[in-house]
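These are the residues of each chain, in order.
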Amino acid sequence: MKKFRKLVTATVLSTAMMFSLCACGSDSTSTTAAGGSSESGGGAATEAAKPSGGVIKVGVVNNPPSESGYREANVKDMEKVFSAENGYELKTSYSLKNDEQLQAAQGFITEGVDYLLISAAETTGWDEVLKKAKEAGIKVYLFDRMIDVSEDLYEAAVVSDMAAEGDTAVNWLLSQNLPEYKVIHIQGAMGSDAQIGRTGALDKQFESGKMTKVVQQTATWDEAEAKKIVETAINSGSDFNVIYAENDGMAKGAVAALDEAGITHGVDGKVVVMGFDCNKWALRELLAKKWNYDGQCSPFQAQIISDLIKSGQAPASKKIINEEKGFDATTITQEDIDKYGLGE
């Protein structure tokens, strides 16, 4: 077994940034205004970038921090960078429901924010809202996930290449040269950019006949739902040797079901376990050889967007891709966990 590295870069920004890791539920929605943060990076807003009032008003439409360790890190990063200390007035709204996100975005437009930042629950349905933002002179930045709209409706998209994440994971799986691939595929929230990208690579293998789809079902990023999916497969007598879960939380739920049934997993176990996010606790499972693979997905986009806002200049490319990789249980080190792991 070997570690895969995949570096994907779409543009070079004028300011350097450290990229870390990684995935992408609850259905709660909340809207708050953020105050300052003593930890925040970035300097004061340039005069050219500031509205006449001197404070840059930013509305962020995002998934809730309870969704995953990845999302918690992403939310904290946004609050840290877009702080009052750095010259911003931050308003936030969190939901996993696309219609609620659309309503929140419309609300921010009505309030008259200067910038609208979006991590969409689904890739579709955003055209009209973004057109209204453009008509109102509000600049839009996408982060974490792409959406299906014309490029002229947003300034830039600072995102992960979800399809590349899926390709990296599936190529790693193929490199294991298993005698057969009988896969339980636990999907994230259907229609999200993360789900589409990570599912696509595996679907190609199902279609080619190289792998067998035992189960393919969404758990909407939820650990408990993932556990139920695997329990059902076990109770039905299904034969499988791979669990491909589209985030760490769902992989954790799947492993709980395996443990309760006395099914071995990880290095030298019966079932290969794969996740995405690179939470520190998940990478420790790799180090202990209880899991086999974890794919990175960087949650840190805020500073890049802030730099673009304050520069007042358009980026060289509309799409800015985070640098990411995959980790293998046989080669991961504690240093990797310390450097790339999310949370504690």
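Predicted model only: the values in this text are computed from it and were never measured.

Thresholds, definitions, all that
Residues numbered from 1 in each chain as written. Predicted model: local features only at pLDDT ≥ 70, side-chain atom pairs only at ≥ 80, totals over all residues. Heavy atoms only, no water. Helix = DSSP H or I, 4+ residues; strand = E, 2+ residues; numbered from the N terminus. Buried < 20%, exposed > 50% of the residue type's maximum accessible area, 1.4 Å probe, protein only. Areas by Shrake-Rupley, 256 points an atom, 1.4 Å probe, with all protein chains shown as cover. Expected span 1.5 Å × (residues − 1). Arc of directions from axis to C-beta. pLDDT = per-residue confidence, 0-100. Contact = heavy atoms within 4.5 Å. Polar contact = N/O pair within 3.5 Å; in protein donor to acceptor, adjacent residues only side chain to side chain. Salt bridge = Lys/Arg side-chain N within 4 Å of Asp/Glu carboxyl O.

### A word on the overall build of the protein
Scanning the protein from terminus to terminus reveals 10 helices and 14 strands. Evaluated residue by residue, the protein yields a buried proportion of 53% over its 344 residues. Of the roughly 13800 Å² of accessible surface on the protein, 47% is carried by carbon and sulfur atoms.

### Brief notes about helix H2 (residues 98-111)
Between the first and last C-alpha of H2 there are 20 Å, a value that for 14 residues agrees with the 20 Å anticipated at 1.5 Å per step. For H2, every residue scored as buried is listed here: Asn98, Gln101, Leu102, Ala104, Ala105, Phe108 and Ile109. Buried residues along H2 cover an arc of 160 degrees about the axis, so they all sit on one side. Turned more than 90 degrees from where H2 packs its buried face, Gln103 and Thr110 sit exposed.

### Looking at the confidence of the model for the protein
Model confidence for the protein is summarised by a mean pLDDT of 87, while 85% of its residues fall at 70 or above. Taken together, the stretch residues 1-48 has pLDDT below 50 and engages in 166 contacts with residues farther than four places along the chain or on a different chain.

### A word on the side chain of Asn98
Looking at the element boundaries, Asn98 is found in helix H2. Given a relative accessible area of 8%, Asn98 falls into the buried group. Residues in contact with Asn98, not counting those within four places in the same chain, are Ala121, Glu122, Thr124 and Trp126.

### Thoughts on helix H7 (residues 248-261)
Helix length check: H7, at 14 residues, gives a terminal C-alpha distance of 20 Å against a target of 20 Å (1.5 Å per residue), a fit within 8%. For H7, the full list of buried residues reads Asp248, Gly249, Met250, Ala251, Gly253, Ala254, Val255, Ala257 and Leu258. On its buried face, H7 is in contact with strand S8 (182-187), helix H6 (223-235), strand S10 (242-245), strand S11 (272-277), helix H8 (280-287) and strand S12 (293-296). For H7, the N-terminal capping position is held by Asn247, with its side-chain oxygen 3.3 Å away from the main-chain nitrogen of Gly249. Count one or two residues on from H7 and you reach Gly262, which has phi positive near 75 degrees.

### Quick notes on the pattern of salt bridges
If you walk through the whole model with that rule in mind, you get 16 salt bridges. The salt bridge involving Arg145 is made with Asp144; its shortest N-O contact spans 3.4 Å. Notably, a salt bridge pairs Asp239 with Lys270, separated by 3.6 Å at the nearest N-O pair. Of the two residues, Asp239 is situated in the loop between H6 and S10 and Lys270 in the loop between H7 and S11; the sequence distance between them amounts to 31 residues. Residue Lys270 is classed as partly exposed on the basis of its relative accessible area of 44%. Members of the salt-bridge network, linked through shared partners, are Glu67, Arg71, Asp144 and Arg145.

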